Amino acid sequence: MVLREKYPSEIATILSNYAQKRSAVLPLLYIAQDAYGYLSDEAVREVADILDLPATDVFEVVGFYTLFYDRPVGQWILQVCDDVPCCFTGAEQLISDLEQKLGIQVNQTTEDRMFTLERVKCLAACDKAPLLQANLEYHYQVTSEKIDALIADLRQRIESGEKISISGRLAER
Ligand code: FES
């Protein structure tokens, strides 16, 4: 029961915000995702147990939302927008260069488990295309020339503990 041990006050606060326990499923899944690194069967069952829900109900929620990961992912999830405005400003080249530099294809994770690469649709910042999102943190006008510096910065942030969790929260919080 990792969650109850590690996040007792956070869980209690979340539950107090809702009239029904089941309504807290999304925020609890985010906590579970950060605690476990992804939503393993164990993590999902623990959330179901806290909420007194059948595990299948929680598995269905996980399967519905794209920002929940039911498989191991990297510490940084790099999501490149491949919608039209971003494509006009170099998104396809950016994806191709990322694949080459990271040694993976889209929807794969590097061997060192640092990075997972994904395509996504419009992230609503088209005026700053091409857009890359790293653990929900926006990086604007990411051209191929900026990739090396970006990857180095993200690696350094893991070492210094400044990484943002894959659910978008600061990891140290
Ligand atoms: S098309 Fe890429 S952010 Fe809108």
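From a predicted model like this one, the values you see are computed outputs, not experimental measurements. (Residues numbered from 1 in each chain as written. Predicted model: local features only at pLDDT ≥ 70, side-chain atom pairs only at ≥ 80, totals over all residues. Heavy atoms only, no water.)

### Things to note about the pairing of strand 1 (residues 76-81)
Okay, step 1: Taken across its 6 residues, strand 1 has 6 buried, putting it largely inside the fold.
Okay, step 2: Of the two faces of strand 1, the one lined by Trp-76, Leu-78 and Val-80 and the one lined by Ile-77, Gln-79 and Cys-81 are each fully buried.
Okay, step 3: The pairing of strand 1 with strand 2 (residues 115-120) spans 6 bridges and is parallel. Bridge pairing in strand 2 links Gln-79 to Glu-118.
Okay, step 4: The pairing of strand 1 with strand 3 (residues 132-134) spans 3 bridges and is antiparallel. Counterpart to Gln-79 in the pairing with strand 3 is Gln-133. (Buried < 20%, exposed > 50% of the residue type's maximum accessible area, 1.4 Å probe, protein only. Helix = DSSP H or I, 4+ residues; strand = E, 2+ residues; numbered from the N terminus. Pairing = 2+ DSSP bridges.)

### Observations concerning the packing of aromatic side chains
When we look at a pair of aromatic rings, we describe it by the centre distance and by the angle of the planes.
Okay, step 1: The full count for this structure, using the stated rule, is 4 aromatic pairs.
Okay, step 2: Look at Tyr-30 and Phe-68: their rings are 4.8 Å apart centre to centre, the planes differ by 45°, and that puts the pair in the tilted class. Remark: Phe-68 occurs in the loop between helix 5 (55-64) and strand 1 and Tyr-30 occurs in helix 3 (residues 25-36); sequence separation between them is 38 residues.
Okay, step 3: Classification of Phe-68 by relative accessible area gives buried; the value is 6%.
Okay, step 4: Through pairs of rings, three or more aromatic residues link up here, namely Tyr-30, Phe-64, Tyr-65 and Phe-68.
Okay, step 5: A cation sits over an aromatic face here: Lys-128 above Tyr-140, 5.3 Å from the ring centre. (Phe/Tyr/Trp six-rings, centres within 6.5 Å; stacked < 30°, edge-to-face > 60°. Lys NZ or Arg CZ within 6 Å of the ring centre and 35° of its normal.)

### With respect to the pattern of salt bridges
Okay, step 1: According to the stated counting rule, one finds 12 salt bridges in the structure shown.
Okay, step 2: Between Arg-4 and Asp-49 there is a salt bridge, with the nearest N and O atoms lying 2.9 Å from each other. Placement of the pair is Arg-4 in helix 1 (residues 2-6) and Asp-49 in helix 4 (residues 41-51), with a sequence separation of 45 residues.
Okay, step 3: Through salt bridges that share partners, Asp-82, Glu-92, Arg-119 and Lys-121 make up one connected network. (Salt bridge = Lys/Arg side-chain N within 4 Å of Asp/Glu carboxyl O.)

### Considering the domain arrangement of the chain
Interfaces are often sized by the accessible area lost when the parts come together.
Okay, step 1: Here the domain parsing of the chain yields domain 1 (2-64) and domain 2 (76-160).
Okay, step 2: Relative placement of domain 1 and domain 2: their C-alpha centres are 29 Å apart. (Domains from an automatic or database assignment.)

### Observations regarding the nonpolar core
The tendency in soluble globular proteins is for nonpolar side chains to be buried as a group.
Okay, step 1: In terms of nonpolar packing, the biggest core is built from 29 residues, with Trp-76, Leu-78, Val-80, Leu-98, Phe-115 and Leu-132 touching the most fellow members.
Okay, step 2: Those residues in contact with Leu-98 that lie beyond four places of it in its chain are Leu-78, Val-80, Gly-103, Leu-117, Leu-132, Ile-147 and Ile-151. (Core = buried A, V, L, I, M, F, W, Y, C linked by side-chain atoms within 4.5 Å. Contact = heavy atoms within 4.5 Å.)

### Quick look at the packing of helix 3 against helix 4
Okay, step 1: Closest axis-to-axis distance for the helix 3/helix 4 pair is 10 Å, and the angle between their directions is 145°. Our pair here, helix 3 against helix 4, has a crossing hand that is right-handed. In contact with Val-25, Leu-28, Leu-29, Ala-32 and Tyr-36 of helix 3, helix 4 contributes Glu-42, Ala-43, Glu-46, Val-47, Ile-50 and Leu-51.
Okay, step 2: Classifying every residue of the contact of helix 3 with helix 4 gives 9 nonpolar, no polar and 2 charged. (Axes fitted to C-alpha atoms, helices over the stretch in contact; angles between N-to-C directions. Left-handed = near helix turned anticlockwise from the far one by under 90°. Nonpolar A, V, L, I, M, F, W, Y, C, P; charged D, E, K, R; others polar.)

### A closer look at the sheet that holds strand 1
Remark on secondary structure: sheet strands pair via backbone hydrogen bonds, oriented parallel or antiparallel.
Okay, step 1: Across the sheet, 4 strands lie side by side as 2-1-3-4; this open sheet has mixed pairing. Each having just a single partner strand, strand 2 and strand 4 (137-139) make up the two edges of the open sheet. Each neighbouring strand pair of the sheet contributes to a mean axis angle of 25°, computed without reference to strand direction.
Okay, step 2: With 3 bridges joining them, strand 3 and strand 4 adopt antiparallel strand pairing. Its bridge partner lying in strand 4, Leu-132 is registered against His-139.
Okay, step 3: In the packing of helix 7 (residues 91-102) onto the sheet, contacts are made with strand 1, strand 2 and strand 3, and the angle to strand 1 comes to roughly 155°.

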